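# Chains, contacts and geometry: an overview
If you want the building blocks of each chain, they are given just below.
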There are 2 protein chains.
Amino acid sequence: MTNHSPQLDRVFHALADPTRRAVLERLSVGTAAVSELAAPFDMALPSFLQHLKVLETSGLVRSWKEGRVRTYQLSPEPLRAAEGWMARQRELWERRLDRLDRYLEELKPAERPKATTSGARRKK
Amino acid sequence: MTNHSPQLDRVFHALADPTRRAVLERLSVGTAAVSELAAPFDMALPSFLQHLKVLETSGLVRSWKEGRVRTYQLSPEPLRAAEGWMARQRELWERRLDRLDRYLEELKPAERPKATTSGARRKK
DNA sequence: GCAATGGTTAGGCTTTGACCTAAGTATCGC
DNA sequence: GCGATACTTAGGTCAAAGCCTAACCATTGC
């Protein structure tokens, strides 16, 4: 409720686009230059560069330039952070839903009145 | 490169906003009604409802109405899907980066010419 | 029935995101 | 040096995202 992580915002936002996810998938095979990364996409280079910028700003990739070629490489830390958040959440959720299931199971033949906190059940 | 999953787009987009993540965190404690979820946020109700809609469209939550109260609940499948993508990626990345590290380690005193696919190294 | 409660819909505003074209700049190769 | 290569920068369009206010239902409680 309280802690806001711009880092997570950026990482999830970066992951929310298919082009960017595809770039990450390509990079998991090995480093690559801009034009090499851009090749599979039917998109003007400058548009594509924006995607690379989003990825780099999120921290998911790094890049360096040598001569006129800029090479991109993955950088896994931010992904680990995002994955951590998700894993933590999922665990909580599943634990909770398990408890709920067991609870509902117990009063199988009964009325199934309330879920837990405040909401009640029964579709209508 | 080839497969585009609108489902993943939506889930990651849903997760890219701090308000929405906070709602999910709240829901991992238990179901809750709209006004209860909205309470901690300094935001007009209709604006907040949009966030709930994004969450529901992504599949991360469900809701049902009883009388005039709408109750929200988590729905973990889509999160598991997103987590799956990330875990798969991370594994690839880390495996790759490990290989790279070992490789670079081997030619420690040497020149460190190329990374793997195409890009070369050396900061400048 | 009628006011209060709990959500919902409609519409408008502003910012951000995803694209594009056109015009640079900085190597590289001969 | 000079053309080709590999990005970069500038600026413009259009749609989507995030917020808001102002009505508008639908229950509930007295």
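Preceding this section is the structure that the text describes.
Residues numbered from 1 in each chain as written. Chains lettered and ligands numbered in written order. Predicted model: local features only at pLDDT ≥ 70, side-chain atom pairs only at ≥ 80, totals over all residues. Heavy atoms only, no water.

### A closer look at the protein's contact with DNA strand C
- Near DNA strand C, the surroundings consist of 21 residues, among which A:Ser47, A:His51, B:Ser35, B:Arg68 and B:Arg70 are the closest.
- Sugar plus phosphate, as a fraction of atoms of DNA strand C within 4 Å of the protein: 62%.
- Between DNA strand C and B:Ser35, the relevant distance is 2.5 Å, taken from a phosphate oxygen to a side-chain nitrogen or oxygen of the residue.
- In this structure, B:Arg68 approaches DNA strand C through a side-chain N or O atom, which is 2.4 Å from a base oxygen.
- With 4 residues, the top contributor of residues to the surface near DNA strand C is helix 4 (residues 45-58) of chain A.
- A class-by-class count of the residues in the surface near DNA strand C yields 9 nonpolar, 6 polar and 6 charged. (Near = heavy atom within 4 Å. Polar contact = N/O pair within 3.5 Å; in protein donor to acceptor, adjacent residues only side chain to side chain. Helix = DSSP H or I, 4+ residues; strand = E, 2+ residues; numbered from the N terminus. Nonpolar A, V, L, I, M, F, W, Y, C, P; charged D, E, K, R; others polar.)

### Comments concerning the interface of chain B and chain A
- Every contact between the two is made by 60 residues of chain B and, on the other side, 60 residues of chain A.
- Together, the buried faces of chain B and chain A total about 5200 Å²; carbon and sulfur atoms form 61% of this surface.
- For the pair chain B and chain A, the number of links is 4 salt bridges.
- Ionic pairing is found between B:Arg21 and A:Asp9, a salt bridge with its closest N-O pair at 2.7 Å.
- In this assembly, chain B and chain A are joined by 8 residue pairs in polar contact (both at pLDDT 80 or more).
- For the side of chain B that touches chain A, the elements supplying multiple residues, two or more each, are helix 1 (6-15), helix 2 (18-27), strand 1 (32-33), strand 2 (61-66), strand 3 (69-74) and helix 5 (77-106) of chain B. (Contact = heavy atoms within 4.5 Å. Buried area = accessible area lost by both parts, 1.4 Å probe. Salt bridge = Lys/Arg side-chain N within 4 Å of Asp/Glu carboxyl O.)

### So, the sheet that holds strand 3 (residues 69-74) of chain A
Residues and elements named next belong to chain A.
- Taken in spatial order, the 3 strands line up as 1-3-2 in an open sheet, and their pairing is antiparallel. A strand with exactly one partner marks an edge of an open sheet, and here the two such strands are strand 1 (32-33) and strand 2 (61-66).
- Examined bridge by bridge, strand 1 and strand 3 share 2 bridges and lie antiparallel to one another. Residue alanine 32 lies in a different strand from strand 3, and its bridge partner there is tyrosine 72.
- Across the sheet, helix 2 (residues 18-27) touches strand 1, strand 2 and strand 3, and the angle it forms with strand 3 is around 85°.
- Against the sheet, helix 4 contacts strand 2 and strand 3, and its axis sits at roughly 120° relative to strand 2. (Pairing = 2+ DSSP bridges. Axes fitted to C-alpha atoms, helices over the stretch in contact; angles between N-to-C directions.)

### Thoughts on the relation of the copies chain B and chain A
- With an RMSD of 0.0 Å, the fit of chain B onto chain A corresponds to turning through 180° and sliding 0.0 Å along the axis. Taken together, the rotation angle and the small translation identify this as a two-fold axis. (Least-squares fit on C-alpha atoms with pLDDT ≥ 70 in both.)

### Some remarks on the protein's contact with DNA strand D
- In the vicinity of DNA strand D, 20 residues are found, and the nearest of them are A:Ser35, A:Arg68, A:Arg70, B:Ser47 and B:His51.
- Near the protein, meaning within 4 Å, the atoms of DNA strand D are sugar or phosphate in a fraction of 64%, with bases accounting for the rest.
- Separating a phosphate oxygen of DNA strand D from a backbone N or O atom of B:Ala44 is a distance of 2.8 Å.
- Among the residues making up the surface near DNA strand D, the classes are represented as 8 nonpolar, 6 polar and 6 charged.

### Let's talk about the packing of helix 2 of chain B against helix 4 (residues 45-58) of chain B
All names here are of chain B.
- Contact geometry for helix 2 and helix 4: axes closest at 10 Å, N-to-C directions at 70°. Relative to helix 4, helix 2 is oriented roughly perpendicular. Crossing handedness for the pair helix 2 and helix 4: right-handed. Residue-level contacts link Thr19, Arg20, Val23 and Leu24 of helix 2 to Phe48, His51, Leu52, Val54 and Leu55 of helix 4.
- When grouped by side-chain class, the residues that make up the contact of helix 2 with helix 4 number 6 nonpolar, 2 polar and 1 charged. (Parallel < 35°, antiparallel > 145°, perpendicular 65-115°, else oblique. Left-handed = near helix turned anticlockwise from the far one by under 90°.)

### Here we look at the nonpolar core
- Formed by 54 residues in total, the largest nonpolar core has its most connected members in A:Phe12, A:Leu60 and B:Leu60.
- Apart from the residues lying within four places of it in its own chain, the contact partners of B:Leu60 are A:Trp93, B:Val11, B:Ala14, B:Leu15, B:Leu24, B:Leu55, B:Gln73, B:Leu74, B:Ser75, B:Pro78 and B:Leu79. (Core = buried A, V, L, I, M, F, W, Y, C linked by side-chain atoms within 4.5 Å. Buried < 20%, exposed > 50% of the residue type's maximum accessible area, 1.4 Å probe, protein only.)

### A short note on the packing of aromatic side chains
- The final tally for this structure, using the stated rule, is 5 aromatic pairs over all chains.
- Between A:Phe12 and A:Trp85, the aromatic rings sit 6.0 Å apart at their centres with planes inclined by 75°, giving edge-to-face as the arrangement. Taken together, the positions of A:Phe12 in helix 1 (residues 6-15) and A:Trp85 in helix 5 (residues 77-106) put the pair 73 residues apart, joining distant regions of the chain.
- With a relative accessible area of 5%, A:Trp85 lands in the buried category.
- One aromatic cluster is present, formed by A:Phe12, A:Trp85, B:Phe12 and B:Trp85 through successive ring pairs. (Phe/Tyr/Trp six-rings, centres within 6.5 Å; stacked < 30°, edge-to-face > 60°.)

None of the figures reported here should be taken as evidence of function without further support.
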